[in-house]
Amino acid sequence: MNKLLKLLIVISLPLGLFAQTKEKPQVPPDTLNQKVDRPINYDEEKVPAYHLPDLLTCANGHKVTGKKEWANIRRPELLELFTTQVFGRVPGTPYQKTIRVVKTDPNAMNGAATLKLIDITIVAQSKSLTIRLGLFTPNKATKPVPAFLLICNRAPKNIDFSRIVKSEFWPAEEVIARGYAVAAFDNADVDPDQDDGFKNGIHGLLDAGRSSESWGTIAAWAWGASRCLDYLVTDKNIAPDKIAVVGHSRGAKTALWAGATDARFAMVACNEAGCGGSSLSLRRFGETIYQINRNFPHWFCGNYKYYGENEDALPFDQHMLLALIAPRPLYVASAEQDLWGDPRGQYLALYHAVPAYHLFETKSGLPEVMPSVNQPVISGNLAYHIRDGKHNLLLKDWNFFMDFADQVLTKK
Ligand code: GCU
């Protein structure tokens, strides 16, 4: 091989430019039953060569070239792949839903906002569950405003609706000051973050027998985000076509799946979603599919476990999940010290989602080289930053999200 060709391959491999489509794999043995304790890789040099499945090539080999084919053929195909292989299918069990505004305080935040507490009650198979949604809308607004909905995966004090406890995880005052409405719910209201055999939470209400394709807890939380959205689109102070979903870490995996499955979400802000969310699994850098399923067996559907220590069998990678948001605005954020979540793998996943955006418009392009720390890149409907510091959702992240929303939601 001549030198130039060799150099080209070395440069191209990390970006997966020699992409190809794979057939659906044969089901390999469930590696979770074997004790695998491979050291976690944090060394870029040890990232193996990999071939990313091609975003625009359908299972039958047809290459999608236009937005109609994307919407009618390739996107549904990918959505089905992530449903059956990663997050699981929501059961069709009928349920009743009642939405009640249980408290309104027009003088919240010293008069800057109106607080509403909304109870969303689901009844099915003689059981019930209530999701408490908290919403602040800015009092100075003269017309319906864009809104952020946070899927809270941390202790409820992080979304304290009384505002006695204030946390950067949900900086409601700062969001209101910038003219946005801000809402949140506790994911535990929807489903417990526990391997409980899917007996409790919304699984306890809606499950009617389970298979390897049945929904896991992340799909359940995403479903809960959509039930909150059912209310938000009816609130007269909110612009129903300008509601962003925000999540951090497991909450960010959830935000991505909520945005993928519910196109009413006008924007997704995905903070440090890592494995099973925004980072490429084929890189095997930081947390792996094997590790995540071992530590959190309830998050995904049964089929996802087959890819543990078996990444080469993946017929997809996470750039395809990100592409399911296209052409809607998508913000992917990483943190410098969050190597477990593979920041570079997050950027590459976003970079490789660009072709789906280009089917709609060409302004959403990203540089091949990852931006420097604290230097967000906003490019059309795509944005990315890597913040200094640790795995967390901070005011700094929110400010970057709002800078993006100023352009893609407020000005729209
Ligand atoms: C664990 C898990 C990650 C997840 C994170 C979080 O670290 O391995 O996948 O993103 O928890 O939700 O904080």
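The preceding data block contains the structure.
Since this is a predicted model, take the numbers as computed values, not measurements. (Residues numbered from 1 in each chain as written. Predicted model: local features only at pLDDT ≥ 70, side-chain atom pairs only at ≥ 80, totals over all residues. Heavy atoms only, no water.)

### A short note on the site of the ligand
Here is step 1: Close contacts around the ligand come from Ser 249, Arg 250, Lys 253, Glu 287, Ile 292, Phe 296, Trp 299, Trp 340 and His 391, and that covers them all.
Here is step 2: Here an oxygen atom of the ligand sits 2.6 Å away from a polar atom, N or O, in the side chain of Arg 250.
Here is step 3: Note that an oxygen atom of the ligand is positioned 2.5 Å from one of the side-chain N or O atoms of Glu 287.
Here is step 4: Look at the ligand: alone it shows 320 Å² of surface, and the protein chains cover 83% of it.
Here is step 5: The residue inventory of the shell around the ligand, partitioned by class, reads 4 nonpolar, 2 polar and 3 charged. (Near = heavy atom within 4 Å. Polar contact = N/O pair within 3.5 Å; in protein donor to acceptor, adjacent residues only side chain to side chain. Areas by Shrake-Rupley, 256 points an atom, 1.4 Å probe, with all protein chains shown as cover. Nonpolar A, V, L, I, M, F, W, Y, C, P; charged D, E, K, R; others polar.)

### Quick notes on the pairing of strand S8 (residues 330-335)
Here is step 1: When you tally the buried positions in S8, you get 6 out of 6 residues, the bulk of the element.
Here is step 2: Burial along S8 is two-sided: Leu 330, Val 332 and Ser 334 facing one way and Tyr 331, Ala 333 and Ala 335 facing the other are all buried.
Here is step 3: Alignment of strand S7 (residues 267-271) against S8, held across 4 bridges, turns out to be parallel. Paired with Cys 270 across the two strands is Val 332, which belongs to S8.
Here is step 4: Taken together, the 6 bridges between S8 and strand S10 (residues 382-387) define a ladder with parallel strand orientation. Looking at the pairing, Leu 330 lines up with Leu 382 of S10. (Buried < 20%, exposed > 50% of the residue type's maximum accessible area, 1.4 Å probe, protein only. Helix = DSSP H or I, 4+ residues; strand = E, 2+ residues; numbered from the N terminus. Pairing = 2+ DSSP bridges.)

### Focus: unusual backbone geometry
Here is step 1: Cis geometry marks the peptide bond from Ala 326 to Pro 327, where omega comes out at 0°.
Here is step 2: Secondary-structure assignment places Pro 327 in the loop between helix H9 (318-323) and S8.
Here is step 3: Phi at Phe 198 is positive, roughly 60°, even though this residue is not glycine.
Here is step 4: Take Phe 198: it is sitting in the loop between helix H4 (187-190) and helix H5 (201-206).
Here is step 5: Its identity as a non-glycine residue notwithstanding, Glu 272 has a phi of 55°, on the positive side.

### Regarding a nonpolar patch on the surface
Here is step 1: Taken together, the side chains of Tyr 42, Leu 339 and Trp 340 present a nonpolar region at the surface, about 280 Å² in accessible area.
Here is step 2: When you line up the elements, Leu 339 lands in the loop between S8 and helix H10 (343-351).
Here is step 3: Of the residues examined, Leu 339 reaches a relative accessible area of 37% and is grouped as partly exposed. (Patch = residues over 30% accessible without salt bridge, like charges linked within 9 Å, V, L, I, M, F, W, Y side chains within 5 Å. Salt bridge = Lys/Arg side-chain N within 4 Å of Asp/Glu carboxyl O.)

### A closer look at the packing of helix H2 (residues 67-87) against helix H7 (residues 250-261)
Here is step 1: At a closest axis distance of 11 Å, the pairing of H2 and H7 adopts a crossing angle of 140°. Comparing the axis directions of H2 and H7 gives the class oblique. Where H2 crosses over H7, the two elements pack in a sense that is left-handed. Residues Arg 75, Leu 79, Phe 82, Thr 83 and Phe 87 of H2 touch H7, and the partners they reach there are Lys 253, Trp 257, Ala 260 and Thr 261.
Here is step 2: Across the contact of H2 with H7, the residue classes tally to 5 nonpolar, 2 polar and 2 charged. (Axes fitted to C-alpha atoms, helices over the stretch in contact; angles between N-to-C directions. Parallel < 35°, antiparallel > 145°, perpendicular 65-115°, else oblique. Left-handed = near helix turned anticlockwise from the far one by under 90°. Contact = heavy atoms within 4.5 Å.)

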